[in-house]
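Below are the chains, spelled out letter by letter.
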Amino acid sequence: MPTLLLSLETSSPVCSVALHRVADGTLVGQSELRLEKSHSSHLSVLVNQLLENTLHTLQDVAAVAVSDGPGSYTGLRIGAAAAKGLCYALDIPLLAVSTLQSLAHQVATYTAQPEQYLYCPMLDARRMEVYTALYRHDGAEVLAPTPLVLDETALAEHLAHHSLLFFGSGATKFHPLVANNARAGFLPGIEPSAIAVGALGVAAYQRQEFQNVAYYEPFYLKEVYTTTPKNKAGS
């Protein structure tokens with residue numbers, strides 16, 4: 001009987017995969033690769049190597065959890081395609097886990113007295129914009145995922161009443177704007193991880209919060225704009 005949850009995190013330059021036991025959330029193994037624009041060619045290799053190194057096969061996988069976004073458009077598309085392909089081939093459920101929520105979970109898990117803070121993951125977008133949200137230590141959503149233009153007033157209402165921890169690829173842009181606010185704390189080096197995706201994925205699996213494999217699309221948060229070349233004269 002399949003006993004494992006395979007999780008995929010491809011929303012950032014880090015390509016990460018992990019295996020957890022669906023019964024109790026125990027981490028079985030994880031692997032990641034930090035190489036720009038490598039997800040399409042290395043994701044399946046990471047999955048196969050992780051299964052081999054942990055002495056398992058795809059037949060041991062009960063479900064797949066994928067980082068749902070927001071994040072890199074291309075990375076999310078690659079992760080979603082791989083997850084859907086595995087779910088189709090193995091006839092198993094698909095789970096989607098918020099990239100921002102998984103970042104918050106990752107930090108809250110290792111924070112002393114986690115209930116004292118609100119957790120604010122920030123993913124870098126264009127210029128002074130980030131994708132962000134606010135969560136309590138137990139994962140409860142305080143501010144839904146949103147694109148936010150950073151200035152001195154950003155999140156001021158929350159900072160007036162709570163201590164906030166900021167982290168993720170966009171947090172460094174916010175630091176100079178609130179450097180003098182004692183309620184604002186910044187944690188460097190926090191990146192999306194399949195371990196956190198898997199931990200939340202196990203909980204979603206136990207609640208049977210499955211996605212429709214045929215129609216699932218990542219949560220981009222903002223529309224992706226594409227351009228169509230203009231027809232040449234006379235064509």
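Nothing here was measured: the structure is a model prediction, and the numbers come from that model. Counting restarts for each chain, with residues numbered from 1 along the sequence as it is written. The model is predicted, so local features are restricted to residues of pLDDT at least 70 and side-chain atom pairs to those at 80 or more, both for listing and for counting; the totals for chains, interfaces and linings are taken over all residues. To get the side-chain values, all heavy atoms of the structure are used, and hydrogens and water are removed first.

Asker: How should the overall build of the protein be read in this particular structure?
Answerer: In this text, helices come from DSSP runs of H or I with a minimum length of four residues, and strands from runs of E with a minimum of two, each type numbered from the N-terminal end. Per the secondary structure count, the protein includes six helices and ten strands. Relative to the compact-globule value of 18 Å for 235 residues, the protein shows a C-alpha radius of gyration of 19 Å, a close match. Referenced to the eigenvectors of the C-alpha coordinate spread, the extents of the protein come out at roughly 65 × 55 × 30 Å. The burial tally for the protein puts 46% of its 235 residues in the buried class. In the protein, the proportion of contacts linking residues at least 24 apart, taken out of those at least 6 apart, comes to 62%. To measure how exposed things are, a 1.4 Å probe is used in the Shrake-Rupley method; for residues, cover is taken only from the protein chains shown. A total accessible area of about 12500 Å² is found for the protein, and carbon and sulfur atoms account for 51% of it. Of the side chains in the protein, 14 bear a positive and 20 a negative charge, and the two mean positions are spaced by 10 Å. Atoms counted for the radius of gyration: C-alpha only. Globule rule: 2.2 Å times the number of residues to the power 0.38. Buried residues are those whose accessible area, probed at 1.4 Å on protein chains only, stays under 20% of the maximum for their type, while exposed residues exceed 50% and partly exposed ones sit between those limits. Should any heavy atoms of two residues lie within 4.5 Å, those residues are considered in contact. In this charge count, Lys and Arg are treated as positive and Asp and Glu as negative; neither His nor the chain ends contribute. Every charge is mapped onto a representative atom, which is NZ of Lys, CZ of Arg, CG of Asp or CD of Glu.

Asker: Could you clarify how one ought to interpret the sheet that holds strand E4 (residues 61-67) in this entry?
Answerer: What holds strands together in a sheet is hydrogen bonding between their backbones, with the strands either parallel or antiparallel. Reading across the sheet, the five strands line up as E3-E2-E1-E4-E5 and stay open at both edges, with mixed pairing between neighbours. Each having just a single partner strand, strand E3 (27-34) and strand E5 (94-97) make up the two edges of the open sheet. Taking each pair of neighbouring strands and ignoring which way they run, the sheet shows an average axis angle of 15°. With respect to the sheet, helix H2 (residues 73-90) is in contact with strand E1 (4-9), E4 and E5, its orientation differing from that of E4 by roughly 165°. The strands that helix H6 (residues 194-206) touches are E1, strand E2 (14-21), E3, E4 and E5; relative to E2, the one it contacts most, it runs at about 40°. Any two strands are treated as partners once DSSP identifies two or more bridges connecting them. Interaxial angle, 0 to 180 degrees, is taken between N-to-C directions of lines fitted to C-alpha atoms, where a helix line uses only the stretch in contact.

Asker: Whenever I open this one, the pattern of salt bridges confuses me. Can you help?
Answerer: When the charged atoms of two side chains lie near each other, side chains of opposite charge can form a pair. Any carboxyl oxygen of Asp or Glu within 4 Å of a side-chain nitrogen of Lys or Arg constitutes a salt bridge here. In this structure the tally under the stated criterion is five salt bridges. One salt bridge in this structure joins Arg-34 and Glu-191, with 2.4 Å as the shortest N-O distance. Residue Arg-34 is found in strand E3, and its partner Glu-191 is found in the loop between strand E10 (184-187) and H6; the two are separated by 157 residues along the sequence. With relative accessibility at 55%, the residue Arg-34 sits in the exposed group. Given the relative accessible area of 30%, Glu-191 is considered partly exposed. Salt-bridge contacts for Glu-209 lead to Arg-207; the nearest nitrogen and oxygen are separated by 2.8 Å. Here the salt bridges do not stand alone but share partners, grouping Glu-32, Arg-34 and Glu-191 into one network.

Asker: How do you make sense of the packing of aromatic side chains when you look at a structure like this?
Answerer: Given two aromatic rings, their pairing is described by the distance between the two centres and the angle made by the two planes. We call Phe, Tyr and Trp rings a pair once their centres come within 6.5 Å, taking the six-membered ring for Trp, and we label the pair stacked below 30 degrees between planes, edge-to-face above 60, and tilted otherwise. Across all of its chains, the model carries six aromatic pairs by this definition. Ring geometry for Phe-174 versus Phe-186: centroids 6.5 Å apart, planes at 55°, classification tilted. You can see Phe-174 sitting in helix H5 (residues 171-174) and its partner Phe-186 sitting in strand E10, a full twelve residues away along the chain. In this structure Phe-174 comes out as buried when scored by relative accessible area, which is 0%. Chaining the aromatic ring pairs together yields one cluster made of Phe-166, Phe-174 and Phe-186.

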